[in-house]
Amino acid sequence: MLGIALESGGAKGSYHAGVLKAISELNIQYSALTGSSIGAVNAAFAAQGDIDKLCDFWLNIGFDDLFDPLDKPIVELINGELNSAVLKKLKNTLYSTLKSKGISTARMYNMLCSMIDTDRLINSPVDFGLVAVSFPDIKPLYVFKDQMPPQDVCRYILASATFPGFKLTEIENKKYIDGGAYDCCPINMLIDRGCDEVIAVRVFGSGIFRAPERKDVKVTYIEPSGQLGAILGFSKKQAENNINMGYFDAMRRLKNLAGIKYCIDGFDGEIGYSCISQISDNGIDRLACTMRIKSEKSGRRLLLEEIIPALCQLLKLPDSCSYNDILISALENRALRLNIDRYAIYSLHDFLYRVCSDIPDTSMCHPHPKRAVSSIVDVFLSVLYHAM
């Protein structure tokens, strides 16, 4: 049984929407969703079958939909956007916010009530759960939809998303704060529910991460390949970027595509080794010269003992990296410098063509499938020669 856990992270949660869209397009069937904070909100949308609605929500939500304009200085403070102008506004705003026991969540609650269809959520074949934290005793509340009174479903979701600094959410005479304060990515909640496989979508917001308690459960992590913006930085441009990033990060991970920043299809597991092993002695000497490596060593020994470690350091790769890692990193670094669109799935040959399209005298940069490895050797060397 497969479950999906969505991590807390405020506006970073737009990343979840892209991941869920990819999972839907790949027709991956899952039995349960859990979430903490914004993860609980997104999990509710997905559990009721509204992935497209979730993406639209993130592309259209703005600050005024969630907060009172008077709370903007506090939100900017949380986002780390503190400057002299904010400080001037903060004095009176902070006083009134503390007097009312936190930033109002009334707009958030009304938004949830208008967009979460409680009947559809409860009757969905996909299970839904969340974590919140009681206050002031700081004890976790793990709850699935069959344990929530229908009239309180949206209040439970709000409780999970009550970020520190927000007005506490009260349910049955008990107050709650953000679920991330105890468990930002409720993987174990799914495992305890019977899932033997979990997709955990991380966004690295604030909160406490609890690793899976059982080692026999397969956990696949999908993590952002770039920056997701501020925790409370709600903007259409950032949301659109995060959705795209989530979609292609998920495609890369779930379809076993090559790449770290890019999605590259058709990258054979032995290409890195084949590529590096076919570099000629002349190519090795030219690399050493280009990288300003002075050594009495020569040939393969110079390549393996001097050039490869220097190349790993240059590309900021660990010593344990594979030849594939070196090849992909070199190609991707050049692709980033050329501003090649990250949000696409490239065939290996198309990617090679793009990364060397502006390098002169590289006739082999238009590879034919029958000579793929030799073509990559030429591309790889050309990229390195022009990268130093």
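Residues numbered from 1 in each chain as written. Predicted model: local features only at pLDDT ≥ 70, side-chain atom pairs only at ≥ 80, totals over all residues. Heavy atoms only, no water.

## Focus on the packing of helix H13 (residues 281–290) against helix H14 (residues 299–314)
Stated formally: A fitted line through C-alpha atoms represents every axis, and for helices the fit uses only the stretch in contact; the resulting angles, taken between N-to-C directions, go from 0 to 180 degrees. A run of DSSP states H or I qualifies as a helix once it reaches four residues; a run of E qualifies as a strand once it reaches two. Both are numbered from the N-terminal end. By the definition used in this description, the sense in which the near helix is turned from the far one sets the handedness, with an anticlockwise turn below a right angle giving left-handed and a clockwise turn giving right-handed. The contact criterion used is simple: two residues touch if any of their non-hydrogen atoms lie within 4.5 Å. Gly falls in the polar group here, along with every residue not listed as nonpolar (Ala, Val, Leu, Ile, Met, Phe, Trp, Tyr, Cys, Pro) or charged (Asp, Glu, Lys, Arg).
Close contact between H13 and H14 brings their axes to 9 Å; oriented N to C, the two are set at 35 degrees. Between H13 and H14 lies a crossing whose hand is left-handed. Two secondary-structure elements touch here, H13 through Asp 281, Ile 284, Asp 285, Leu 287 and Ala 288 and H14 through Gly 299, Arg 300, Leu 302, Leu 303 and Ile 307. For the contact of H13 with H14, a count of residues per class yields six nonpolar, one polar and three charged.

## What about the side chain of Asn 188?
Definition in use: Relative accessibility thresholds used throughout: buried, under 20% of the residue-type maximum; exposed, over 50%; partly exposed, between the two (1.4 Å probe, protein chains only). Pairing of N or O atoms within 3.5 Å defines a polar contact, subject to two protein rules: one partner must be a possible hydrogen donor and the other a possible acceptor, and residues neighboring in sequence count only if both atoms are side-chain atoms.
Within the secondary structure layout, Asn 188 lies in helix H10 (residues 187–192). The buried category is assigned to Asn 188, whose relative accessible area is 7%. Among the polar contacts listed, one links the side chain of Asn 188 to the backbone oxygen of Ala 211, at a separation of 3.0 Å. A distance of 2.7 Å separates a polar side-chain atom of Asn 188 from the backbone nitrogen of Glu 213. If sequence neighbours within four positions are ignored, Asn 188 has contacts with Arg 210, Ala 211, Pro 212 and Glu 213.

## Structural notes on the layout of surface pockets
Formally: A pocket here means an open set of points on a 1 Å grid, computed over the protein atoms alone, that has protein on both sides within 12 Å along at least five of seven lines. A cavity is instead a set of points where a 1.4 Å probe fits but cannot get out; residues with an atom within 4 Å of a point line either one. Grid points are joined across faces, edges and corners, and a volume is the space filled by probe spheres set on the points.
The space that makes up the largest pocket amounts to roughly 270 Å³. Every residue lining the largest pocket is listed: Tyr 221, Ile 222, Glu 223, Pro 224, Ser 225, Asp 249, Arg 252, Arg 253, Asn 256, Leu 257, Gly 259 and Ile 260. Of the residues forming the lining of the largest pocket, the biggest block, three residues, is contributed by helix H11 (residues 236–254). Tallied by class, the residues present in the lining of the largest pocket amount to five nonpolar, three polar and four charged.

## Focus on empty space enclosed by the protein
With the rule as written, the count across this model stands at two cavities of 30 Å³ or more. The computed volume of the largest cavity comes to approximately 200 Å³. Forming the walls of the largest cavity are 19 residues, and the residues nearest its centre are Ile 38, Leu 66, Met 108, Ala 161 and Phe 234. When residues of the lining of the largest cavity are traced back to their parent elements, those giving at least two are helix H2 (38–47), helix H3 (51–60) and helix H7 (106–115).

## With respect to the environment of Ala 181
Mapped onto the elements, Ala 181 comes out in the loop between strand S6 (174–177) and H10. Since its relative accessible area comes to 31%, Ala 181 is described here as partly exposed. When the C-alpha atoms of Ala 181 and Ser 8 are compared, they prove to be 9.5 Å apart, with 173 residues separating the residues in sequence.

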